Structure formats: C-alpha cells, structure tokens
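Residue-level structure breakdown
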Amino acid sequence: MTQVVQLEDASKLASREQLMGMLQEAAEVEHNLMLTYLYAAFSIKTEESEGLTAEQGKTLKTWRRSVIRIAVEEMGHLALVCNLLCAIGGTPHFGRLNFPIAPGPLPAKMSVRLRRFDQDTLQHFIYLERPECAQDIEDSPPFRDLYDYHRAPIEQSRLMPVAMDYPTVGALYDQIVETFEVLCEKYGEDHLFVGDASRQIGPDITPLPGLCVINNLRDAKVAVDVIKEQGEGANAHSETSHFKRFCRIQAQYDAYLDEDPTFDPARPVAENPVMRSPPTPEGKVWVTEPTAATLMDWTNALYIKMLRLLSQAFGRRGDAHEKRILVNAATDLMYAMTPAAEAMTHIQANGDTDRTAGMSFATIRNSVAPLPIGTEWRVFACRFNEITEAGEDIRGISDAVDASIDMVARIAETFIREAEAIIEAKGEDTES
C-alpha cells in the first residue's frame, strides 16, 4: 500500500533538491506578497481633495507608509531566502508568474491577486500573515471563493522535488528548517552548506532589516526566525510584526466605518490590470487608455530593471563595491517608481470601466537571468539610457510622474558614472 506523506512528516522526502524547491517557492511567496502590498499601498488616498477629512488624510498617509514599509521588509525576506539558496549551492530565485496567479503554483488557500486597499484586501493580508496560534482567522470572501484547488498528497517514493500544501507561510518555513536539520544530520553541515558565502548579500551591502549571511545550520535558523518574527510575529504576536501592524490598521479602519459607513480609503483601482489583451480576460482589466498604458509600460520597465539588478548582485562573486552599486540602484528604483505608480491610480484604465489603472508588475521571458560577467555594465547602462529617454517623453503627465522621472534620471546618472569607472579600471573600452 502506498504511504502518503503529510506536511508534518514530509522531511522523509528530504534532499538538497527538495530543499531548493521549497526555498524557491518561499521566494515566490515573499516576492508576490511584496508586490500585492505595494499595489494596495499605491491605491490609498492621501489628500483632503479625495473626500477625506484632515484627520483621515493624516491617518491614511500613516497606513500607506506602514504598508510600504512592510513591503520593503518582504524584500528583505526575499533576500534572505536567496541567501539560503546560495548557501546550499543553489542560485537566487527572483522569477514569478504574472498576476493573477491561478491555483496550483501556490498552496491551497493562498490566492494572490493585485487589488485595491479595502476591508477585504486588508483582511486577506491579515489572513496571509496570521500566526499558528490564530488559525481561526478566515480569509475574505473575494479571495476565499478561489479555493477550488488542493495539492494532492505526496507518495513517499517520489525522487523529484514535490510541492505540498501548508496552512500558513510560517508552516512552510517550519518545514524548511526541519529539512535543513534532517539533511545536516544525514550528511553533515559541511556537505550541505557548500555554497560560496561571497555570492550572498549581507548587511555590508544593503541595510535591509534582519539581513544576514548564512554559513551553517545556526545561521539558517536565525534567517528563518527573522522572516517569521517580522511577518507573523511567531506565537508571541510581536507588536512590530506584519500581522500586528495590519491588525492595528484594521482597528482604525473599523473605527472610521463606525463614524461614517461610506468611508472608503482607496481610489477605484482596477483589479489585476494587464498591459495587453489577455487570452483569459476573466478577473483582469486591460489598460488601454493611452496615458495610463504608457505610464504602466514605463513603471513595469523600472520593475524589470530592478529585478535584473538584484539578480546580477546575488549569486555573484567579486568586489563588494560592485554588488553595492547593483543593489543600491535596484532599491532606489523601487522608491523612484512609487510616485508614478500612485499617479497611475488617478487615470482611467480604459473606456469601458470607471476603474483606474495600476502597475501590473509584468514579467517577461528570462527577465531575471543574470547577464554574463564582463558585459553587464554596458548592458545595464544602455537600458538606463533607454528608460530615462522614455521618461522624458512622458514628462508633464503630473508632478508625481515628473518626480519619478527626475529620481530615475539621477539613479541612472550615478549608475552609469560608476559603471564607466569599473570598465575603465578593468582596462576595457568605455564606448559602446
């Protein structure tokens, strides 16, 4: 009789290949959460001209800052997972599917979509970040209605890496830690942690909260503890955890609704906007209004540029100075795209809807594969020039868009200057 592996004894399937697969899935979860949080934050109203009282405007600006800060911490979690992958001889994982993500690639009861900030979206964020001691918390109906798929139980005899269902993100990380422990006991730490530590990104490169370099089992456990504590707050419900911060926003939200049932903190932003006619249009909004479409194209180009820079920095041996240039440019781009992404939420998506546009965070084939060492500086500089030139073509849409254009131009100028210095120092021709 075939024995079925449940989550609690899935470590019987432990192998380096299985561990890499679990970490790659964790990377996609962190990446997707980061983007859904940003999308919701970009939709939040902040001005009295949008129908807010002075007090509401002040509070909503605080909400926006808090959600964006949480998204930045998710970027730190993604970096930690990439370090864990590098530590065991793997490569960083920045790939992900485009939104909305159909059932299957992620576990049952985890729906990932781009959605404006409202009660249902906030409840969904609380559900995603809930700790193990709060399993009675339910997802909101718009997300819960998509739970039609469940990953089948796994047979013990599988040699290929297998994906399992798990009740919470924290449970996935518990299983990752258990698999680390099993493999260390089975083979020894020296056998498991074979990756070159210089390929990781540490706090000397970027000040992302909790970022650390992983060399052994203890370091791996510390990294996972950081992710769990910042996110769900573990069982102690840390007051600074994502879970608790979202809960505090919910309490303030409920208080405003008690005072005014018509209170709406967000613009009417489209759910799951897309850049081109979708082959499966259900649940998506095709952005065709020329100004919105052009702005979406430009901001998505910034996002892909950010991913390429991060991919080039992780898993790379070499000068910490070069890594720092790449990571700094990527981090700066995330902040630079924010004003333009928010400006998009004021522009109608198309002529068939009253919804406004938003970033789709669209990915493309091979968008995150690292470039060959030695050519990357020219390629990145060339793309920066293209992006800044395109930015000048859309100048004048709004002050916020102009602010993004100016920020990107400064980032590009700094990067190109540093890239040319690196090329010159290596004795290469700087003209290309």
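Residues numbered from 1 in each chain as written. Predicted model: local features only at pLDDT ≥ 70, side-chain atom pairs only at ≥ 80, totals over all residues. Heavy atoms only, no water.

Some words on the overall build of the protein
- Along the backbone of the protein there are 12 helices and 4 strands.
- For 432 residues, the compact-globule formula gives about 22 Å, and the C-alpha radius of gyration of the protein, at 22 Å, lands near that figure.
- Considered along the principal axes of its C-alpha atoms, the protein spans approximately 65 × 60 × 40 Å.
- Of the contacts made within the protein by residues no fewer than 6 positions apart, 76% connect residues no fewer than 24 positions apart.
- Here the protein has roughly 18800 Å² of accessible surface; of this, 50% comes from carbon and sulfur atoms.
- Charge separation in the protein, taken as the distance between the mean sites of 42 positive and 66 negative side-chain charges, equals 2 Å. (Helix = DSSP H or I, 4+ residues; strand = E, 2+ residues; numbered from the N terminus. Rg over C-alpha atoms; globule rule 2.2 N^0.38 Å. Contact = heavy atoms within 4.5 Å. Areas by Shrake-Rupley, 256 points an atom, 1.4 Å probe, with all protein chains shown as cover. Lys, Arg positive; Asp, Glu negative; His and termini not counted. Charge placed at Lys NZ, Arg CZ, Asp CG, Glu CD.)

Let's talk about the pattern of salt bridges
- Per the stated rule, a full pass over the model turns up 19 salt bridges.
- Across the pair Glu 271 and Arg 115 runs a salt bridge whose closest N-O atoms are separated by 3.3 Å. One end of the pair, Glu 271, is in the loop between α8 (242-259) and β3 (273-274); the other, Arg 115, is in the loop between α2 (54-87) and α3 (119-128), and 156 residues separate them in sequence.
- We classify Glu 271 as partly exposed; its relative accessible area is 25%.
- According to the relative accessible area criterion, Arg 115 is buried, its value standing at 13%. (Salt bridge = Lys/Arg side-chain N within 4 Å of Asp/Glu carboxyl O. Buried < 20%, exposed > 50% of the residue type's maximum accessible area, 1.4 Å probe, protein only.)

Topic: a negative patch on the surface
- A surface patch of negative charge is lined by Glu 55, Asp 254, Asp 258, Glu 259 and Asp 260.
- It is α8 that provides the largest number of residues to the negative patch, a total of 3 residues.
- Examined against the element boundaries, Glu 259 turns out to sit in helix α8. (Patch = residues over 30% accessible without salt bridge, like charges linked within 9 Å, V, L, I, M, F, W, Y side chains within 5 Å.)

Quick look at the packing of aromatic side chains
- If you walk through the whole model with that rule in mind, you get 16 aromatic pairs.
- Through pairs of rings, three or more aromatic residues link up here, namely Trp 63, Phe 117, Tyr 253, Tyr 256 and Phe 263.
- A cation over a ring is seen here: Lys 305 above Phe 384, with NZ or CZ 4.4 Å from the ring centre.
- Just above the ring of Phe 415 sits the side chain of Lys 305; from NZ or CZ to the centre is 5.9 Å. (Phe/Tyr/Trp six-rings, centres within 6.5 Å; stacked < 30°, edge-to-face > 60°. Lys NZ or Arg CZ within 6 Å of the ring centre and 35° of its normal.)

Let's talk about the nonpolar core
- Core analysis: the largest hydrophobic core is formed by 136 residues, its most contacted members being Leu 38, Phe 117, Phe 180, Phe 193, Phe 361 and Phe 415.
- Sequence-distant contacts of Phe 117, that is, excluding residues within four places in its chain, are made with Ala 40, Ser 43, Ile 44, Trp 63, Val 67, Leu 122, Ile 249, Tyr 253, Pro 265 and Ala 266. (Core = buried A, V, L, I, M, F, W, Y, C linked by side-chain atoms within 4.5 Å.)

Observations concerning the side chain of Thr 356
- By the secondary structure assignment, Thr 356 is in the loop between α10 (320-344) and α11 (376-393).
- Judged by its relative accessible area of 8%, Thr 356 is buried.
- Polar side-chain contacts of Thr 356 include one of 2.8 Å to the backbone oxygen of Thr 345.
- In contact with Thr 356, not counting residues within four places along its chain, are Pro 268, Val 269, Ala 270, Met 344, Thr 345, His 346, Ile 347, Gln 348 and Ala 349. (Polar contact = N/O pair within 3.5 Å; in protein donor to acceptor, adjacent residues only side chain to side chain.)

Some words on the environment of Phe 380
- Relative to the helices and strands, Phe 380 resides in helix α11.
- Since its relative accessible area comes to 1%, Phe 380 is described here as buried.
- When the C-alpha atoms of Phe 380 and Ala 419 are compared, they prove to be 8.7 Å apart, with 39 residues separating the residues in sequence.
- Filtering out sequence-adjacent residues up to four positions away, Phe 380 remains in contact with Lys 305, Arg 308, Leu 309, Gln 312, Leu 326, Leu 371 and Phe 415.

A few points about the packing of α2 against α8
- The contact between α2 and α8 brings their axes to 11 Å, and the two run at 160°. Viewed along their axes, α2 and α8 adopt a mutual orientation that is roughly antiparallel. In the packing of α2 onto α8, the handedness of the crossing is left-handed. Counted together, Glu 55, Gln 56, Thr 59, Trp 63, Ser 66, Val 67, Arg 69, Ile 70, Glu 73, Glu 74 and His 77 of α2 and His 242, Arg 245, Phe 246, Ile 249, Gln 252, Tyr 253 and Tyr 256 of α8 form the full contact between these two elements.
- Classifying every residue of the contact of α2 with α8 by side-chain character gives 7 nonpolar, 6 polar and 5 charged. (Axes fitted to C-alpha atoms, helices over the stretch in contact; angles between N-to-C directions. Parallel < 35°, antiparallel > 145°, perpendicular 65-115°, else oblique. Left-handed = near helix turned anticlockwise from the far one by under 90°. Nonpolar A, V, L, I, M, F, W, Y, C, P; charged D, E, K, R; others polar.)

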